[in-house]
Amino acid sequence: CTVIFTRLATRDLHKPISILFCNLAVSDLFTSFSGFWISMLFITNPDITIFGSKDMLAPYALYTTSILSTIYNLVSIGIERYLAVAESMRTRFRVARNHSIAVVFISWVLAFFLGCLPLMGWNCLHSERSVSVLYSPFCVNYLIFIAIPNIVVAFIVPLFTYLRIIIILRKRKLRMQACGQATGTYKSAESQVARTSISIWLLALVSYAPFFAGVVFDATNQRCHVDLYPGAYIFRNCTATLITITCLGNPVLYTLKLRTLGAKLKALRCLSANRVRACTI
């Protein structure tokens, strides 16, 4: 919420990348909200979160939608950063604000469509054969359809974009060294991008790999709910906790620089105080 407020209230942050950052924060907010909804259902009626119920379709659909939107945002941010760095090299395409708005709209439409397929009928409420053990009443084939392509995209596209950014910065540094110019800026930028990309990969690996492993387990499992209780469901809860950690880590990696954020909030607070004084006078 702090990231969203800061991005919307500060005019100099109304840039294409800032729109993607703000949308990423919205996706993380939805993920946290839907995870809290599922947790409350578990507290009030734990059986429906284990054996499945019609009441679980809506929170699971919102949870899936928000996770998909987060993945698409991470991919979009990687592509935008690559285009921004490569702009002066070969490409003449420049990301504008309208492009970011269009990407945000398309990502949410796609995330809502894929996430709400169980609400449209692709569920196993009346079928016991392919029901998911960890995420009942979702079907195993639906989880495979959602998890495998999106997780592959979430790993491959950022890998390509951030590696290309590092390569471009390395070439620029070598070119400036050949011309006898200072390369401190490019060396600093290269190391910063490398650290950020490694952090993104580690966070994504820690967060989504267990969920992917749970989907694979669901697809190969032949035992019923009772036989897997409680170990498999403890694993499922840990997976949800890791995804929530991603929601906390994304602002730190992308937007939440403490000194900058503190300065922005202080400026906004002073501006608000000055307006109150002016109105009083």
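What you see is a predicted model, and the numbers here were worked out from it, not measured in a lab. (Residues numbered from 1 in each chain as written. Predicted model: local features only at pLDDT ≥ 70, side-chain atom pairs only at ≥ 80, totals over all residues. Heavy atoms only, no water.)

On a plain count of helices and strands, the protein chain comes out with 10 helices and zero strands. Listing each helix as α and each strand as β along the protein chain from the N terminus yields α-α-α-α-α-α-α-α-α-α. Among the 281 residues that make up the protein chain, the fraction classed as buried is 45%. Of the roughly 15,900 Å² that the protein chain leaves accessible, carbon and sulfur atoms contribute 67%. (Helix = DSSP H or I, 4+ residues; strand = E, 2+ residues; numbered from the N terminus. Buried < 20%, exposed > 50% of the residue type's maximum accessible area, 1.4 Å probe, protein only. Areas by Shrake-Rupley, 256 points an atom, 1.4 Å probe, with all protein chains shown as cover.)

Let's shift gears to the layout of surface pockets. Empty space within the second largest pocket amounts to approximately 540 Å³. Among the elements of the structure, α2 (16–44), α4 (57–86), α6 (140–178), α7 (184–220) and α9 (231–254) are those that each provide at least two residues to the lining of the second largest pocket. For the lining of the second largest pocket, the leading source of residues is α2, giving seven residues. Split into classes, the residues belonging to the lining of the second largest pocket amount to 19 nonpolar, 10 polar and one charged. (1 Å grid on protein atoms, 1.4 Å probe; cavity = no way out; pocket = protein on both sides within 12 Å on 5 of 7 lines; lining within 4 Å. Points joined across faces, edges and corners; volume = space filled by probe spheres on them. Nonpolar A, V, L, I, M, F, W, Y, C, P; charged D, E, K, R; others polar.)

What follows covers a nonpolar patch on the surface. Nonpolar side chains collect at one region of the surface, where I148, V152, I156, F212 and V216 lie side by side and expose about 390 Å² of accessible area between them. Elements with a minimum of two residues in the nonpolar patch: α6 and α7. Per-element accounting of the nonpolar patch gives the leading share, three residues, to α6. Relative to the elements of secondary structure, V216 occurs in helix α7. (Patch = residues over 30% accessible without salt bridge, like charges linked within 9 Å, V, L, I, M, F, W, Y side chains within 5 Å. Salt bridge = Lys/Arg side-chain N within 4 Å of Asp/Glu carboxyl O.)

Here the focus is the environment of L41. Along the chain, the position of L41 falls in helix α2. Residue class for L41 comes out buried when judged on its relative accessible area of 16%. For the pair L41 and P59, spaced 18 residues apart in the sequence, the C-alpha separation amounts to 9.3 Å. Once you skip the residues sitting within four places of it in the chain, L41 turns out to touch P46, I48, T49, D55, M56 and P59. (Contact = heavy atoms within 4.5 Å.)

This brings us to the state of the cysteines. One pass over the full model with this rule turns up one disulfide. A disulfide bridge connects C124 with C139, and the sulfur atoms are separated by 2.1 Å. Disulfide C124 to C139: torsion about the S-S bond roughly 125 degrees, handedness right-handed. Linking C124 in the loop between α5 (97–115) and α6 with C139 in the loop between α5 and α6, this pair joins segments that are 15 residues apart in sequence. For C124, a relative accessible area of 5% corresponds to the buried category. (Disulfide = S-S within 2.5 Å.)

With respect to the secondary-structure elements, L62 resides in helix α4. L62 gets classed as buried once you look at its relative accessible area, which sits at 15%. Excluding residues that lie within four positions of it along the chain, L62 makes contacts with F30, F33, S34 and W37.

Take the side chain of T70 next. Mapped onto the elements, T70 comes out in helix α4. Accessibility expressed as a relative area gives 2% for T70, which makes it buried. Within the structure, the side chain of T70 is placed 2.9 Å from the backbone oxygen of S66, a separation counted as a polar contact. Those residues in contact with T70, other than ones at most four positions away along the chain, are L24, S27, D28, T31, Y208 and N250. (Polar contact = N/O pair within 3.5 Å; in protein donor to acceptor, adjacent residues only side chain to side chain.)

This part is about empty space enclosed by the protein. Within this structure, the stated rule accounts for three cavities of 30 Å³ or more. Put simply, the largest cavity is a space of about 90 Å³. Lining the largest cavity are I71, L74, A154, F155, P158, I200, W201, A204 and Y208. For the lining of the largest cavity, the elements supplying multiple residues, two or more each, are α4, α6 and α7. Broken down by element, the lining of the largest cavity gets its largest block of residues, four residues, from α7. Considering only residue class, the lining of the largest cavity consists of nine nonpolar, no polar and no charged.

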